[in-house]
Amino acid sequence: MFVVNVVLDIPLRQGYSYLSEQQLVRGTRVQVELRGRTQIGFVLNCIQSNEFNDYPVAKLKPILNISEKNLSIPTDVWELCSFTANYYHHPLGNTLFCAIPTLLRQDKEPSYNISKNKFYQLTSSESKIRGSKQQVLLTEFQRQESLSYKQIQAILATKPDKIIDQWITKQLIQEVAASSVNTTVQALELNTEQQQTVATISSNFGKFHVGLLYGITGSGKTEVFLHLIQKILQSKQQVLVIVPEINLTPQLQGRFEKRFPAANISLINSEIADKQRFTAWMNAKSGQSNIILGTRLSVFTPLKNVGLIIVDEEHDDSLKQNDGLRYHARDLAVWRAKQLNIPIILASATPSLESLYNYKLGKYHLYKLSERAIKTAVLPQIELINLQHYPVNYAGISQPALDKLRACLERKELALVFINRRGYAPVITCYECGWVSQCRNCSSNLVYHHEKHQLKCHHCAYQISAPPICPTCRNQYLHTIGHGTQKLEEFLQQQFPQAKLKRVDRDSTNSKSAWQDIYQQIAAQEIDILIGTQMLAKGHDFPRLTLVIGLNLDNALFSYDFRASEDMFNILTQVAGRAGRAEKAGLVLLQTNYIAHPVYQFLQQHDFNGFINHTLRERQLNKLPPFCFYTLIKLSSLNETHLKQAMHDLFAEAKIIPHNEVTLFAPVPAVMYKIHNRFRGQMLISSHQRAALHNYLNKLENKLTELKNAAIAIDVDPLEV
Ligand code: ADP
Ligand code: ZN
Ligand code: ZN
């Protein structure tokens, strides 16, 4: 008999013990009973029952069922999860269950069929073929070394099994092992910097090597990926590509498919259906897929034979998960690459301060692409509009910006109006009594949505129709203050009645095909002005775009959050990078009241290095990350008194634990004090030594379970403080 320690989806650091007749290896998926319910768990360890003396063996419950070996968690994922649980101080069980697809978590044996991408080759030169589609297929076979099942399917535009069978029977084709990757699209000839990057990184294949690929937008970073991926595929290995936003996958996927038509690409993100995600997971695990392309959660994908990891837009906050298991996919990806002894590329036009600091420490290697790949494409010119001289109108836009917009429309080119909405959105107010529309569940104002004349909370689901008169003093005239995308859209439409406008924000890009539609519309010249928020800044490639106007930027400079100006710099650099990517020069106009502010000065001169050095100096001076390490203990409760009690108790406990090298800050109410009826507080802990901080957290963690008054979460390396 054996005693098996099983990890379940419960917030406990250790597993539960069960009896088994069979010896089981770590990662095995089992079904057990817990508190009268059957549950899925995974084996942590297994010992002879006579070695077990925590508890009478006779009282242990048996393992009910053992899943087949294919459904177990492989060692590399297990190790990653175990590191993640330790580093982020999150229970191992919850971590594992967060990492795996839903179907593996459920108490039901999931069915799967591993999709094998088969390859076929012409064996005879005979060409008596009927049907025009089949004729096309034959021609295609004659042109290429081999065709994959998927390619044949695409050519015939139907399920090709019958025809493949027929052709094999006729001995016209035969199945072959996946040959070297047959690329149909000719790879571009790389420029010197690209060549050097590809050469150095590929000379580090099979070794742990972090390449920080810093290249301005349009400098050909993706082209570098494609060349490296080609080499990886040729050596029959897999590549994992992580992007921060689902929106960015279609563009990349398209480029991968074009360049590597024979490759099997697995998509992993939260929007794909459970069954598909499970299949993608199984394909990656069995080595059937070559390219795994996903959002942050794809960092946990099992990989049979991975040779390279790429994290695109590595500076992007969306790589960090901000609830439940609060992990940073970039940091975990680096850990994983180290564990697997393979290179990893962190790519960005505006690398994060953390990564640049790691480069300065000698841990990362820097690869620079300093020119735009398409020779005629030049960096956009950045001009600042001084709002002290040119005030904005009610929609938040100044006259010089409108003039340039008109000129752009006359040239029949695409313009983008970017509105920075971080912490700023239209609200309704009464000038008589000062009433402002407030959410009843949160400490935030309700945002006015013009289309349906509604007030919506952007933190919880609360919404009401906008009141016709002031609810407090019955004044008949209510005012909207602040500028939102909708108001701007309305104004611009009035100004330019002929122009075709497209608003891009969370509300308008909900559907899956939304981005594809936008690209198509742009290509078909059905859009003249794009209006949108942050979303437009990220990695999108708009060929005809020559004018970018940035509105409402200044509020980021005065944020409580020390990262706000870095974020703003990055976003503006990214937005600016959208302009003039092809042969047309771009112009970027930034409206500000503070033209002398260093952020704008660095921006205007495209001086990213200057900005980074300036910011690093500032951080060092103020002892802020990355010059020290932060952890937030977050508390929340539906009851304000309970929260206050818990904050008090937490601090009392925290101070008792020895904390040499660790600084404790007294708990404070969160900036958003109330969200969805929960009151929130936080306690900051910092240290200049990571190890000291983690030691301390391990001890504190044990005490946290005793605080009954509030829900508690640990956020290691928080992005927002
Ligand atoms: P990034 O990922 O850095 O934004 P891309 O790889 O998308 O840059 O390249 C920008 C544009 O330049 C694309 O249209 C790409 O096809 C083109 N390009 C990239 N590298 C080269 C090259 N070596 N020669 C010619 N064109 C290139
Ligand atoms: Zn009033
Ligand atoms: Zn709310």
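Placed above this text is the structure.
Residues numbered from 1 in each chain as written. Chains lettered and ligands numbered in written order. Predicted model: local features only at pLDDT ≥ 70, side-chain atom pairs only at ≥ 80, totals over all residues. Heavy atoms only, no water.

Participant: Please clarify how the coordination of the zinc ion (ligand 2) should be interpreted in this entry.
Facilitator: The reference angle at a metal is 109.5 degrees if four donors form a tetrahedron and 90 or 180 degrees if six donors form an octahedron. Here the zinc ion (ligand 2) is held by Cys-430 (SG), Cys-433 (SG), Cys-470 (SG) and Cys-473 (SG), and the distances to it run 2.3 to 2.4 Å. Considering all four donor atoms around the zinc ion (ligand 2), angles at the metal cover 105 to 115 degrees and the coordination shape is tetrahedral. Spacing between the donor residues of the zinc ion (ligand 2) along their common chain follows C-x2-C-x36-C-x2-C. In this pair, Cys-430 is assigned in strand β18 (residues 427–430) and Cys-470 in the loop between β21 (463–465) and β22 (478–481), connecting sequence segments 40 residues apart. Since its relative accessible area comes to 2%, Cys-430 is described here as buried. (Donors = N, O, S within 2.8 Å, 3.2 Å for Na, K, Ca; no water. Tetrahedral: all angles 85-135°; square planar, octahedral: opposite > 155°, others 65-115°. Helix = DSSP H or I, 4+ residues; strand = E, 2+ residues; numbered from the N terminus. Buried < 20%, exposed > 50% of the residue type's maximum accessible area, 1.4 Å probe, protein only.)

Participant: Would you take a moment to explain the packing of aromatic side chains for this structure?
Facilitator: Aromatic ring pairs are described here by two measures, namely the spacing of the ring centres and the angle between the planes. Within the structure shown, the criterion is met by 14 aromatic pairs. Ring centres 5.7 Å apart and planes at 65 degrees place the aromatic pair Phe-42 and Phe-97 in the edge-to-face group. Placement of Phe-42 in strand β4 (residues 37–48) and of Phe-97 in helix α2 (residues 92–99) is noted, with a sequence separation of 55 residues between them. Judged on exposure class, the residue Phe-42 and its partner Phe-97 are both buried. (Phe/Tyr/Trp six-rings, centres within 6.5 Å; stacked < 30°, edge-to-face > 60°.)

Participant: I would appreciate a short explanation of the pattern of salt bridges in the present structure.
Facilitator: Close approach of charged atoms lets side chains of opposite charge pair. Inspection of the entire model under this criterion finds 15 salt bridges. As a salt-bridge pair, Glu-223 and Arg-255 come within 3.5 Å of each other at their nearest N and O atoms. Pair noted here: Glu-223 is in helix α8 (residues 221–234) and Arg-255 is in helix α9 (residues 249–259), with a separation of 32 residues, a long-range link. Of the residues examined, Glu-223 reaches a relative accessible area of 5% and is grouped as buried. Residue classification places Arg-255 among the partly exposed residues on the basis of a relative accessible area of 37%. Notably, a salt bridge pairs Arg-259 with Glu-223, separated by 2.6 Å at the nearest N-O pair. Linking Arg-259 in helix α9 with Glu-223 in helix α8, this pair joins segments that are 36 residues apart in sequence. (Salt bridge = Lys/Arg side-chain N within 4 Å of Asp/Glu carboxyl O.)

Participant: Help me understand helix α19 (residues 640–656), please; the structure alone is not making it clear to me.
Facilitator: Here α19 is 17 residues long and its end C-alpha atoms lie 25 Å apart, about the 24 Å a rise of 1.5 Å per residue gives. Every buried residue of α19 is listed here: Leu-643, Ala-646, Met-647, Leu-650, Phe-651 and Ala-654. Seen from one end, α19 has its buried residues packed into an arc of 130 degrees, which puts them on one side. The exposed set on the far side of α19, more than 90 degrees from its buried face, consists of Thr-641, Lys-644, His-648 and Ile-656. Those residues of α19 hidden inside the fold are in contact with β27 (629–637), β28 (662–664), β29 (668–675), β30 (678–687) and α20 (690–704). Where α19 begins, the capping side chain belongs to Asn-639, and its oxygen is found 2.8 Å from the backbone nitrogen of Thr-641. (Expected span 1.5 Å × (residues − 1). Arc of directions from axis to C-beta. Contact = heavy atoms within 4.5 Å. Polar contact = N/O pair within 3.5 Å; in protein donor to acceptor, adjacent residues only side chain to side chain.)

Participant: I would appreciate a short explanation of the sheet that holds strand β19 (residues 447–449) in the present structure.
Facilitator: Hydrogen bonds along the backbone pair up the strands of a sheet, which may run parallel or antiparallel. In space, the three strands of this open sheet follow the order β19-β20-β21, with antiparallel pairing throughout. The sheet is open, and its two edges are formed by β19 and β21, each paired on a single side. The sheet shows a mean angle of 25 degrees between the axes of neighbouring strands, direction not considered. In the sheet, β19 pairs with strand β20 (residues 454–456) via three bridges, with the strands oriented antiparallel. (Pairing = 2+ DSSP bridges. Axes fitted to C-alpha atoms, helices over the stretch in contact; angles between N-to-C directions.)

Participant: Before we go on, may I ask you to explain the pairing of β4 in this structure?
Facilitator: One face of the sheet, then the other: side chains in a regular strand alternate in exactly this way. Pairing geometry for strand β1 (residues 2–7) and β4, over six bridges, is antiparallel. By the bridge assignment for β4, Val-6 is matched with Val-43. When strand β3 (residues 29–34) meets β4, the two strands line up antiparallel, connected through six bridges. Across the sheet, the residue bridging to Gln-31 is Ile-40, located in β4.

Participant: Sorry if this is basic, but what is going on with the packing of helix α7 (residues 192–203) against α8 here?
Facilitator: Helix packing for two helices is described by the angle between their axes and how far apart those axes are. One can describe the packing of α7 onto α8 by two numbers: an axis separation of 10 Å at closest approach and a directional angle of 35 degrees. α8 is crossed by α7, and the crossing has right-handed handedness. Facing Gln-194, Thr-197, Val-198, Ile-201 and Ser-202 of α7, the residues of α8 in contact are Glu-223, Val-224, His-227, Leu-228 and Lys-231. Across the contact of α7 with α8, the residue classes tally to four nonpolar, four polar and two charged. (Left-handed = near helix turned anticlockwise from the far one by under 90°. Nonpolar A, V, L, I, M, F, W, Y, C, P; charged D, E, K, R; others polar.)

Participant: Would you mind going over the sheet that holds strand β14 (residues 343–348) with me for this structure?
Facilitator: Strand order in the open sheet formed by seven strands is β11-β12-β10-β13-β14-β9-β15, with parallel pairing between adjacent strands. Pairing within the sheet leaves two strands with one partner each, and these edge strands are β11 (265–268) and β15 (365–369). Looking at each pair of strands side by side, their axes are set apart by 20 degrees on average, direction ignored. Sitting on the sheet, α8 is in contact with β9 (209–215), β10 (238–242), β12 (291–294), β13 (306–312), β14 and β15, with an inclination near 165 degrees to β13. Against the sheet, helix α10 (residues 274–286) engages β10, β11 and β12, with an angle of about 130 degrees to β11.

Participant: Sorry if this is basic, but what is going on with the nonpolar core here?
Facilitator: The nonpolar side chains of soluble globular proteins are, as a tendency, buried together. Counting 113 residues, the largest nonpolar core has Leu-530 and Ile-685 as its most contacted members. Once residues lying within four places of it in the same chain are set aside, the contact partners of Leu-530 are Leu-414, Ala-415, Leu-416, Val-417, Lys-502, Val-504, Ile-518, Ile-522, Leu-536 and Phe-542. Of all hydrophobic cores here, the second largest spans 28 residues; its members include Leu-226, Leu-252, Ile-291 and Leu-293. (Core = buried A, V, L, I, M, F, W, Y, C linked by side-chain atoms within 4.5 Å.)

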